[in-house]
Amino acid sequence: MKPKVYFKTFGCRTNLFDSQVMMSALKDYDITEDDKDADVIILNSCTVTNGADSSVRSYISQIEKTTQARIYLTGCGAHTKGETLFDSERVFGVFGQSEKAKINSLLKNEERFYTLGDLDFVDDAIVSEFVGKSRAFIKIQEGCNFRCSYCIIPYVRGDSRSLDEKQILKQVEILASNGFGEFILTGTNIGSYGRTNSSSIASLMKKMSLIRGVRRIRLGSLEPIQIDDEFMEILGEPWLERHLHIALQHTSKKMLKLMNRRNKFEDDVKLFNTLSERGFALGTDFIVGHPGESEELWREAMSNISHIPLTHLHAFTYSKRSGTPSASMKPEISGKLSKERLHELESIIDENNFRFREANIEPLDILIESKKDGKYQGFDQFYNKIIIDSDEDITGEWKSIETYTPLKGYNYAKL
Ligand code: SF4
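Residues numbered from 1 in each chain as written. Predicted model: local features only at pLDDT ≥ 70, side-chain atom pairs only at ≥ 80, totals over all residues. Heavy atoms only, no water.

This paragraph deals with the layout of surface pockets. Its boundaries defined by the atoms lining it, the largest pocket holds a volume of some 1,400 Å³. Surrounding the largest pocket, 49 residues form its lining, Cys12, Ser221, His245, Asp285 and His314 being those nearest its centre. Among the elements of the structure, helix H1 (13–25), helix H6 (153–157), strand S10 (182–186), strand S11 (216–219), strand S13 (243–246), strand S14 (281–288) and strand S15 (312–317) are those that each provide at least two residues to the lining of the largest pocket. Broken down by element, the residue count for the lining of the largest pocket peaks at five residues, all from S15. Of the residues that constitute the lining of the largest pocket, the class distribution is 22 nonpolar, 19 polar and eight charged. (1 Å grid on protein atoms, 1.4 Å probe; cavity = no way out; pocket = protein on both sides within 12 Å on 5 of 7 lines; lining within 4 Å. Points joined across faces, edges and corners; volume = space filled by probe spheres on them. Helix = DSSP H or I, 4+ residues; strand = E, 2+ residues; numbered from the N terminus. Nonpolar A, V, L, I, M, F, W, Y, C, P; charged D, E, K, R; others polar.)

This part covers the pairing of S15. Bridge analysis of S14 against S15 gives six bridges, and the strand direction is parallel. Pairing of Phe286 across the sheet is with Ala315, part of S15. Between the parallel elements S14 and S15, the chain passes through helix H12 (residues 295–305) in a crossover that is right-handed. (Pairing = 2+ DSSP bridges. Right-handed = clockwise from strand over helix to strand, strands pointing away.)

Relative orientation of the contacting elements helix H7 (residues 165–177) and helix H8 (residues 201–209) amounts to 35°, with a least axis distance of 10 Å. Crossing hand, H7 versus H8: right-handed. Residues Glu165, Ile168, Leu169 and Val172 of H7 form the contact with H8, whose participating residues are Ser203, Leu204, Lys207 and Met208. Partitioned by chemical class, the residues of the contact of H7 with H8 number five nonpolar, one polar and two charged. (Axes fitted to C-alpha atoms, helices over the stretch in contact; angles between N-to-C directions. Left-handed = near helix turned anticlockwise from the far one by under 90°. Contact = heavy atoms within 4.5 Å.)

Here we come to the pattern of salt bridges. The final tally for this structure, using the stated rule, is 37 salt bridges. The salt bridge involving Glu142 is made with Lys139; its shortest N-O contact spans 2.9 Å. Per residue, the accessibility class of Glu142 equals that of Lys139, and both read buried. Connected through shared salt-bridge partners, Arg135, Glu182, Arg215, Arg216, Arg218, Glu241, Asp365 and Glu369 make up one network. (Salt bridge = Lys/Arg side-chain N within 4 Å of Asp/Glu carboxyl O. Buried < 20%, exposed > 50% of the residue type's maximum accessible area, 1.4 Å probe, protein only.)

What follows deals with the sheet that holds strand S1 (residues 4–9). One open sheet holds the six strands; their spatial order is S2-S1-S3-S4-S5-S6, and the pairing between them is parallel. Looking at strand neighbours, the two that pair on one side only are strand S2 (30–31) and strand S6 (113–115), the edges of this open sheet. Sheet topology note: the S1/strand S3 (residues 40–45) ladder contains five bridges and is parallel. Bridge assignment links Tyr6 to a residue of S3, and that residue is Ile41. Sitting on the sheet, helix H2 (residues 50–66) touches S1, S3 and strand S4 (70–75), and the angle it makes with S3 is about 170°.

This paragraph deals with the domain arrangement of the chain. Partitioning the chain into structural domains gives domain 1 (4–115), domain 2 (136–359) and domain 3 (364–414). Put simply, the middle of domain 1 and the middle of domain 3, counted by C-alpha atoms, are 34 Å apart. (Domains from an automatic or database assignment.)

Counting residues in hydrophobic clusters, the biggest one holds 60 residues, and the most contacted among them are Phe183, Leu185, Met205, Leu219, Phe231 and Leu244. Core analysis: the next-biggest nonpolar cluster, separate from the first, contains 19 residues, Ile41, Ala69, Leu73 and Val91 among them. (Core = buried A, V, L, I, M, F, W, Y, C linked by side-chain atoms within 4.5 Å.)

In the vicinity of the ligand, the residues found are Cys144, Phe146, Cys148, Tyr150, Cys151, Ile153, Pro154, Asn189, Glu223 and Arg261. Taken atom by atom, the bulk of the ligand overlaps the largest pocket. Grouping the amino acids of the shell around the ligand by side-chain chemistry returns seven nonpolar, one polar and two charged. (Near = heavy atom within 4 Å. Sits in = over half its atoms within 2 Å of the grid points.)

Once that is clear, we can look at the sheet that holds strand S20 (residues 405–407). Ordered in space as S19-S16-S17-S18-S21-S20, the six strands form an open sheet in which the pairing is mixed. The outermost strands of the open sheet, each flanked by one partner alone, are strand S19 (398–401) and S20. Taking each pair of neighbouring strands and ignoring which way they run, the sheet shows an average axis angle of 35°. With three bridges joining them, S20 and strand S21 (residues 410–414) adopt antiparallel strand pairing. Bridge pairing links Thr405 to Tyr412 in S21. Its contacts with the sheet put helix H13 (residues 335–359) on S20 and S21, and the angle it makes with S20 is roughly 175°.

Direction vectors running N to C along H12 and H13 enclose 10°, while the axes themselves pass 11 Å from each other. In terms of orientation, H12 and H13 fall into the roughly parallel class. Contact with H12, carried on its side by Glu295, Trp298, Arg299, Met302 and Ile305, involves Arg341, Glu344, Leu345 and Ile348 of H13 and no other residues of that element. In terms of residue class, the contact of H12 with H13 is made up of five nonpolar, no polar and four charged. (Parallel < 35°, antiparallel > 145°, perpendicular 65-115°, else oblique.)

Following this line, the structure appears as structure tokens:
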């Protein structure tokens, strides 16, 4: 009987891809989807916020009580929390992202180990499936050359580098031939793709769209300054989702400077309105409560946001990360006030999203991803969630739906 390995993946889609790479690299181990049944537990960690670190710690405390499994730490947290957790013997081994493809031999070590590897490695792993998923995450890039003052990522993922384009296309071909039709391009700063392999994200997507079986391409987060003319030319392509996630992080001019962001509010307004006029649903990242966010700057940000046609939001309150410039900035904003501002922002965008769905007249093109509580669910081309009642099992199917009801937070349809 082979020992069983359980993967606990925290954080972003890049971590989902990395976990799949590790699962595919296991030869002398079986994978279990139940941590209580595991001999080995791999924590593919995130460290983007303090909250992310404490989630990893509390999960370790939980499994220490319920299993005898050997615990290993990898992912971005290996670079920030790995040493402490290793020295306190809460994990048996720590390894960096560059070591993940060696997991089958690493787990055979009888000695405890701590090896972070090379922060600038370029991933060359190919996976043939995505356990439990009906859509495929494709890692195209890693690391980041931006230096936003609140962000720890460049220090744990390294500088930006693109994966080999032939390898990415081969990856897509294999997954498409295994039945995947929807592909999500992921990385740390995917808009930087192509800078180190003389290509571009637009040209990559055009090549992907020619692969048999590729039906829809979705994108992770882009930076406003990365949306160039070449990208604008593919906006009408039928294989491109009708939603883009473009990270603003703030809409106050002074706050953007404090956060060392490269985007400028005036340009952001122009860009988002151009894309909205092309029928795109638009999402963004927004950090609320960064040091220096006075009441005056917050009011400026809320007045400015009314000029940006946002329909989706990924916002969270600022989290101090030791080792970043923002960590020593003053004045700090109280957690209570940050939460109030976060709710104010969320309610504005929720209302925008509802109005967008109400006004939409296009049939919804949906990949049914899963069944939960007897109902099917998936996302349409605008990246809005839909919940469907159907007597037939429609999991994994593509559906075009014209009749549906916009409800709070999602659409509803009965087939
Ligand atoms: S663009 Fe900024 S926020 Fe995003 S990973 Fe790079 S440094 Fe961090």
